[in-house]
Structures are given as structure tokens and as C-alpha cells.
Amino acid sequence: MEDKNLIVPNIGEFKDVEVIEVLVNEGDFINKNDPLITIESDKSSVEIPSLLSGKIQKLNVKIGDKVSEGSLIAIIASEEEKQKTIKNISEIKNENKKEIKATININKSEEVNISTNNQNSATLASPKARKFARELGVDVSEIKGSERLGRVVESDIKKFVADRVSKPTKFEKYEKRGVIIDEYKHSEFGAVETKYLSRIKKIAAPHLTNSWNKIPHVTNHDEADITEMEEFRESLTDIYTGKKKKITPLAFIIKALVSTLKKFPNFNASIDNIEEGKITLKKYFHIGIAVDTSNGLMVPKIRNADIKNIAQLGDELKKVSNDCRELKINKKEFFGGSMTITSLGGIGGSFFTPIINLPEVAILGIGRSYKKQIYINNKFMTRTVLPLSLSYDHRIIDGAEAARFNNELKDNLGKNFAYKLAI
């Protein structure tokens, strides 16, 4: 039987789409419907599955290649070659077993180590499955595969982790205060419902966990007096129609933040190697904006915010927000940021502790503005204040620098600055 080609199937109207992941290697055994590559268009990412089972004889694509319907992905070995390889593997396993038995007779005390080493060498799993296991902190060699020849797939890894979680050790059942946890199922106490996270939240979850675990977060809370800024914003009119021009306060906050970042470049940085003390200072100003959608939180970037005026920023904020909610935004727009702004102003609330969007080193949380009596020039005055929550990476930013940053930001949001921003 001749070798067969694995090609890109019908993918609709898309042509010359980029390969962003190659999920198999030459020599891998695959089953029908196993994913081969991941392609990404402007609208979505899609995994291309195999229509055949067998051994990858030759791989014809790499990351960054452009493919269309009919493009060759790989050549899969003939059935004869597949059976020959399976036979070889079987013979190798039999030889290993003989070696193990011989070694046991020589030194019975080494039985466990020999069995473990043999299992490690014989574990079959795709690169994607191995990557998934690494992300969960699991040794793939400890997992019993459910596929042919004991091949480990993602479902095996999930079951392995679930079994460990559902069977806590004696000490894992107790907290420091002696309270028993995970002793009963939730359903034993009443009605429950099982739901699954949206794809966006599933993608964000490990990223947030990674950020929280790796970055020593500190949050500085403050308030900015934005009375003049709000008065100026409310007074804006369209020069052609004379009608009131509605521009979100977020556009002003972006401009004020960019001006502050120019004075404090450590906040517009990323850590390359903390052991070597190496960081990258960014010369661009791409501000991330947390957008609340029905699918979860997305953080697209407003590019080159330093060269755009208030009206342009307002228009762009509307566009990227709509693109996120309609899932039309390019995946690349979630990367390459300077610093992120997350605002609860439209919902409510004041202070909170936002999680830094790795690899950035700071994030600005905005609460809902409110009226407050402030003592100015020997008398109390009603002012509009904006709650600020600045979380920063304490490895490269200290508390004094964060306090100065907030003071500069407050000045930039305060009296007279709004007029400069609009020019």
C-alpha cells in the first residue's frame, strides 16, 4: 500500500492562512481526528485534524507557513510500514521486559527504579499532549494511556489530574485550623448545576494564574481630582454640527497615563531575565484596555496612543470594544502592550486589586468617579474624584516610585491638563 498525503480540507473562503502551531513531529503515530496543525485567520483559530491513522513519514509545514485548501501537511506511512514499526516497538518492549526480569534476578532491590525507567522510555504522547501535561505540572510518564500502544492523549491527562484532586491525601484534607475540606460533594447539600467556562475564560485562566504566581503584586490606592477634566469633557461640541460631542473619560485617562509613562519608563517595561537583572524598556506606547464581553474579559491594545488626540482615542475605543464583543479582533492585538487599564467605572465600585497582565509590569484599575467634599483654600468644596488602583511588579518598581507615579498621574488628570490633551 502506498504512502498517503494529509492535506488541508475545505476551510471555506479562507486562503493563505497562517500556521501558528504544528502539533506533530516526523515519526509520531497519530489516530484519525488527532490534530495536526493550528491555523489562524483574522477571525479565528482552527485545529486541522488528520483524516487517517498511521505514522508521520514526512512533515511538510512549519510555523509561519501559509496554507489553503489542498495544501500538503504531511505524508503518512503506508499500512505496511505502520505495522512494521508497531512490530519493532513490540519487540523492543519484549526485550526490555527480558532485561528487567534478568536484572530483578541479579538485584531485586532495584525493581522499582527499573520499571519506572522502562515506563518513561516507552511513553507515547503527541507534542500537544506533552505540552498540556507540562502546563499542569504532570509527568506524562506517570499516566496510563488509553489509546493504541498506551499512547497518552489530553483526556488521559485530565482524568489523571481529576483523580488526584478527587482523592486528596490525609494531610491535604485539612487546613491549618483543622477544617476538613473536599470531604463531601456539593450535590449532597442541595441542587447544583455544572457549567463550563467560555473559551476566552479557559484561555485566560492559566495566564492569570501564571501572572499571580510569578509577580509579587503590590497595589497602591489613591484618588484623582478630575473636576476640571469632567467639566471640559462635558463642554465638548462638534465643530461642524455644534452638537455635544460624547467622548468617554477613558480617552482622557489614556492620554494622562501615556504622559506619566514618559516620565516613569520603568512602568513601560518587561522583565527579560530577573536573575541577570535584565529588562526591556519600551519606546512605544500601546495601552491595553480591558473589555467586558459575554465571552469573558479581553485586553486589546490601543496602538501608538501618544500620537493620537482625544477624539481619535475615543473612536478607536469604540471600534476595538465592538470588535471584541463580535469576536472580530485579530489575536495579535492582545500582545505587545505597554501597560493596561481596567475600568469598573461603568459598573460601579471604587478600589480593587487588578492582576498585572504579564509580561507587563503594571496595571491601572479605575473605579467609578463620585462627588466628595475636599478642603481647599480654607474651605470645603465639592469635587469629582476618581478612584485609582495601581498594581505593580515589586521586583523592579518600589513603593516610593509607585507613589510618585500616582502623584504624576493625578496631576495629569487634574486642573488644566485636560485642555492640553485636547489640542
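An account of the accompanying structure is given in this report. Only a predicted model underlies this, so the values are computations on that prediction, with no experimental measurement involved.

## Here we look at the overall build of the protein
Assigned secondary structure in the protein consists of 10 helices and 19 strands. Out of the 423 residues in the protein, the part that is buried amounts to 38%. Counted over contacts in the protein with a minimum sequence separation of 6, partners at least 24 positions apart contribute 61%. Summed over its atoms, the accessible surface of the protein is roughly 25700 Å², and 51% of this surface lies on carbon and sulfur atoms.

## Describing helix α5 (residues 199-214)
With 16 residues, α5 extends 24 Å from end C-alpha to end C-alpha; this agrees with the ideal 22 Å at 1.5 Å per step. The largest bend in α5 comes to about 25 degrees, at Ala 205, with the proline Pro 206 one to four residues further on.

## Details of the nonpolar core
Grouped together as the largest cluster of nonpolar side chains are 48 residues, with contacts concentrated most on Ile 254 and Phe 267. A per-element tally of this core places helix α7 (residues 249-263) first, with nine residues. Beyond its immediate stretch of four places on either side in the chain, Phe 267 contacts Leu 261, Ser 338, Met 339, Val 361, Ala 362, Leu 390, Tyr 392, Ile 397, Glu 401, Ala 402 and Phe 405. Ile 11, Ile 39, Val 67 and Ile 73 belong to the second largest nonpolar core, which has 17 residues in total.

## A few points about the side chain of Arg 303
With respect to the helices, strands and loops of the structure, Arg 303 is situated in the loop between β15 (301-302) and α8 (310-325). Among the polar contacts made by the side chain of Arg 303, one reaches the side chain of Glu 333 at a distance of 3.3 Å. Not counting the four nearest positions on each side in its chain, Arg 303 is found in contact with Phe 285, His 286, Lys 308, Glu 316, Lys 332, Glu 333, Phe 335 and Gly 336.

## Here's the deal with the environment of Ile 279
Assignment of secondary structure puts Ile 279 in strand β11 (residues 278-281). What makes Ile 279 partly exposed here is its relative accessible area of 31%. For the pair Ile 279 and Ala 269, spaced 10 residues apart in sequence, the C-alpha to C-alpha distance is 6.7 Å. Setting aside anything within four residues of it in sequence, one finds Ile 279 in contact with Asn 266, Ser 270, Ile 271, Asp 272 and Ile 396.

## Things to note about the packing of aromatic side chains
Overall, the coordinates contain five aromatic pairs when judged by the stated rule. A ring pair is formed by Phe 232 and Phe 252, whose centres lie 6.4 Å apart and whose planes are at 90 degrees; its orientation type is edge-to-face. One end of the pair, Phe 232, is in helix α6 (residues 227-235); the other, Phe 252, is in helix α7, and 20 residues separate them in sequence. Under the relative-accessibility criterion, Phe 252 is labelled buried at 0%. Ring centres of Phe 264 and Phe 405 lie 5.7 Å apart, and the angle between their planes is 70 degrees; this geometry places the pair in the edge-to-face category. Of this pair, Phe 264 sits in the loop between α7 and β10 (269-273) while Phe 405 sits in helix α9 (residues 399-413), and the two are 141 residues apart along the sequence.

## What to know about the pattern of salt bridges
One pass over the full model with this rule turns up 15 salt bridges. Between Arg 383 and Glu 228 there is a salt bridge, and its shortest N-O distance comes to 2.9 Å. Placement of Arg 383 in strand β19 (residues 379-393) and of Glu 228 in helix α6 is noted, with a sequence separation of 155 residues between them. Accessibility expressed as a relative area gives 11% for Arg 383, which makes it buried. Residue Glu 326 is joined to Lys 328 by a salt bridge in which the shortest nitrogen-to-oxygen separation is 3.1 Å. Each member of the salt-bridge network shares a partner with another, and the members are Glu 230, Arg 233, Glu 234 and Lys 244.

## Concerning a nonpolar patch on the surface
A cluster of nonpolar side chains, namely Leu 208, Trp 212 and Ile 355, defines an oily patch on the protein surface of about 270 Å² accessible area. With respect to the helices, strands and loops of the structure, Ile 355 is situated in the loop between β16 (339-343) and β17 (362-366). Given the relative accessible area of 30%, Ile 355 is considered partly exposed.

## Observations regarding α9
The terminal C-alpha atoms of α9 lie 21 Å apart, and with 15 residues this matches the ideal 21 Å at 1.5 Å per residue to within 8%. All of the buried residues in α9 are Glu 401, Ala 402, Phe 405, Asn 406, Glu 408, Leu 409, Asn 412 and Leu 413. One face of α9 carries all of its buried residues, which in axial projection span an arc of 165 degrees. Those residues of α9 that are exposed and angled more than 90 degrees off the buried face are Arg 404 and Asp 411.

## Looking at the sheet that holds strand β1 (residues 4-7)
Strand order in the open sheet formed by four strands is β1-β8-β6-β3, and the pairing between neighbours is antiparallel. In this open sheet, the two strands that pair with only one neighbour each are β1 and β3 (29-30).

Procedures and definitions
- Residues numbered from 1 in each chain as written.
- Predicted model: local features only at pLDDT ≥ 70, side-chain atom pairs only at ≥ 80, totals over all residues.
- Heavy atoms only, no water.
- Helix = DSSP H or I, 4+ residues; strand = E, 2+ residues; numbered from the N terminus.
- Buried < 20%, exposed > 50% of the residue type's maximum accessible area, 1.4 Å probe, protein only.
- Contact = heavy atoms within 4.5 Å.
- Areas by Shrake-Rupley, 256 points an atom, 1.4 Å probe, with all protein chains shown as cover.
- Expected span 1.5 Å × (residues − 1).
- Bend = angle between axes of the 7 residues up to and from the residue.
- Core = buried A, V, L, I, M, F, W, Y, C linked by side-chain atoms within 4.5 Å.
- Polar contact = N/O pair within 3.5 Å; in protein donor to acceptor, adjacent residues only side chain to side chain.
- Phe/Tyr/Trp six-rings, centres within 6.5 Å; stacked < 30°, edge-to-face > 60°.
- Salt bridge = Lys/Arg side-chain N within 4 Å of Asp/Glu carboxyl O.
- Patch = residues over 30% accessible without salt bridge, like charges linked within 9 Å, V, L, I, M, F, W, Y side chains within 5 Å.
- Arc of directions from axis to C-beta.
- Pairing = 2+ DSSP bridges.

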